[in-house]
Amino acid sequence: MSHQETDRATPLPLRRTGLDRHTPFSFSCMRCLQCCQSKKIQVNPYEIARLAGNLGISTTECIARFTTKNGSYLKFDNENRCIFLGSDGCRVHADRPLVCRLYPLGRHCNDRGDEWFSEIEPEAGCRGESNGGEVSLERYLESQEVHAYLDAADSYLKLLWEMMALLEQGGDNEDATDATEAEEHLLPENGEWMDMDAAVRIYCQQRELPFPLDIEDKMRMHQNALQFWIQQP
Ligand code: SF4
Ligand code: SF4
């Protein structure tokens, strides 16, 4: 099972679960900033690339400065506030991660492709308003502009599981038969495979391809690279 939801040491209390895209749902955030504190915000390479693009830096720099666990989570400061939280709100609002867009929803899916949503009990002090009516959850997703993020999450999920299993098994290029083959099969080191810019740069150098500038193109090449490296003997 996968999930994109705010993640804390203790399970988040749910108001209801088993929702689908047709379930009536609406919510207006009043930007009180309470929910940008005391969380663990998990991110994938696409979300890192969006944040890096917003900040005008590489994904390598973004991972080093703003994340923990090799780009897996956003950093929080000593007061447990998200590193992107400023006095006027989120400093990367246009490119904020999926869990921030979905809140107060969490999305779940399983390996059969089933999808469902939960509504999290709002933060203490949350000033968000449920507007009632017959607005569907799908309309809420559209209003939060999550579809590129959902597509990226789904397309990365299987690849990342397979890549982690390969690395845990110590997958490398020991069986390559000559220097060229060894170079083509070379896996990025030290977590570079999670770093979109670093991984794509290696992949492009190995094939003498131009480095893609568009984020969606770069993501597709990153996923091609992961798929290629996963399939190596
Ligand atoms: S706590 Fe509620 S109102 Fe405040 S920023 Fe989060 S969702 Fe919006
Ligand atoms: S990225 Fe922005 S919206 Fe998300 S937790 Fe951080 S400050 Fe809040």
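Criteria and thresholds
- Throughout, a residue's number is its position along its own chain's written sequence, starting from 1.
- Throughout, the order in which chains and ligands are written sets their labels, letters from A for the former and numbers from 1 for the latter.
- Selection of residues for local features in this predicted model requires a pLDDT of at least 70, selection of side-chain atom pairs for listing and counting requires 80 or more, and totals for whole chains, interfaces and linings are taken over all residues.
- Hydrogen atoms and water are omitted, and side-chain values are computed over all heavy atoms in the structure.
- Only the six-membered ring of Trp is used, alongside the rings of Phe and Tyr, when aromatic pairs are assigned; centres must lie within 6.5 Å, and planes under 30 degrees apart are stacked while those over 60 apart are edge-to-face, with the rest tilted.
- For the purposes of this entry, the term helix denotes a DSSP run of H or I that reaches at least four residues, the term strand denotes a run of E that reaches at least two, and both are numbered from the N terminus.
- Exposure is judged per residue with a 1.4 Å probe applied to protein chains only, and the accessible area is read against the type maximum: over 50% gives exposed, under 20% gives buried, and values in between give partly exposed.
- When at least one non-hydrogen atom of a residue lies within 4 Å of a molecule or strand, that residue is treated as near it.
- Amino acid classes used here: Ala, Val, Leu, Ile, Met, Phe, Trp, Tyr, Cys and Pro are nonpolar; Asp, Glu, Lys and Arg are charged; the rest, including Gly, are polar.
- Grouping buried Ala, Val, Leu, Ile, Met, Phe, Trp, Tyr and Cys residues that are joined through side-chain atoms within 4.5 Å yields what is termed a nonpolar core.
- An automatic or database domain assignment is the source of the domain bounds shown.

Draft legend 1. A look at the packing of aromatic side chains. Evaluated as defined, the whole model comprises four aromatic pairs. Each ring, one from Tyr46 and one from Tyr149, has its centre 5.3 Å from the other, and the planes form 75 degrees; the classification is edge-to-face. Of this pair, Tyr46 sits in helix α1 (residues 45–55) while Tyr149 sits in helix α5 (residues 147–168), and the two are 103 residues apart along the sequence. Its relative accessible area of 2% is what places Tyr149 among the buried residues.

Draft legend 2. Local environment of the site of ligand 2. Every residue close to ligand 2 is listed here: Cys36, Leu74, Cys82, Phe84, Leu85, Cys90, Pro97 and Cys100. Per-class residue counts for the shell around ligand 2 are eight nonpolar, no polar and no charged.

Draft legend 3. Fine view of unusual backbone geometry. Residue Tyr103 is joined to Pro104 through a cis peptide bond whose omega torsion reads 10 degrees. Here Pro104 lies in the loop between α3 (98–102) and β7 (105–109). Phi at Asn80 takes a positive value of approximately 65 degrees, unusual for a residue other than glycine. Relative to the assigned elements, Asn80 resides in the loop between β4 (73–74) and β5 (85–86). The exposure class assigned to Asn80 is partly exposed, which follows from its relative accessible area of 35%. The phi dihedral of Glu208 falls on the positive side, at around 55 degrees, and the residue is not glycine. Here Glu208 is to be found in the loop between α7 (196–207) and α8 (215–230).

Draft legend 4. Representation of the site of ligand 1. Taken together, Phe27, Cys29, Met30, Arg31, Cys32, Leu33, Gln34, Cys35, Tyr103, Cys126, Arg127 and Gly128 are the residues near ligand 1. Here the shell around ligand 1 is built from residues that sort into eight nonpolar, two polar and two charged.

Draft legend 5. Geometry of the nonpolar core. Among the nonpolar cores identified, the biggest contains 35 residues, and Leu98, Leu105, Leu137, Leu141, Tyr156, Leu226 and Trp229 are the most heavily contacted of them. At the level of secondary structure, the elements contributing two or more residues to this core comprise α1, α3, α4 (137–143), α5, α7 and α8. Ranked by residue count, the leading element in this core is α5, at eight residues. Each of domain 1 (2–144) and domain 2 (155–230) contributes no fewer than three residues to this core. Judged by nonpolar contacts, the second largest core, of 16 residues, contains Ile41, Leu51, Ala52 and Ile63.

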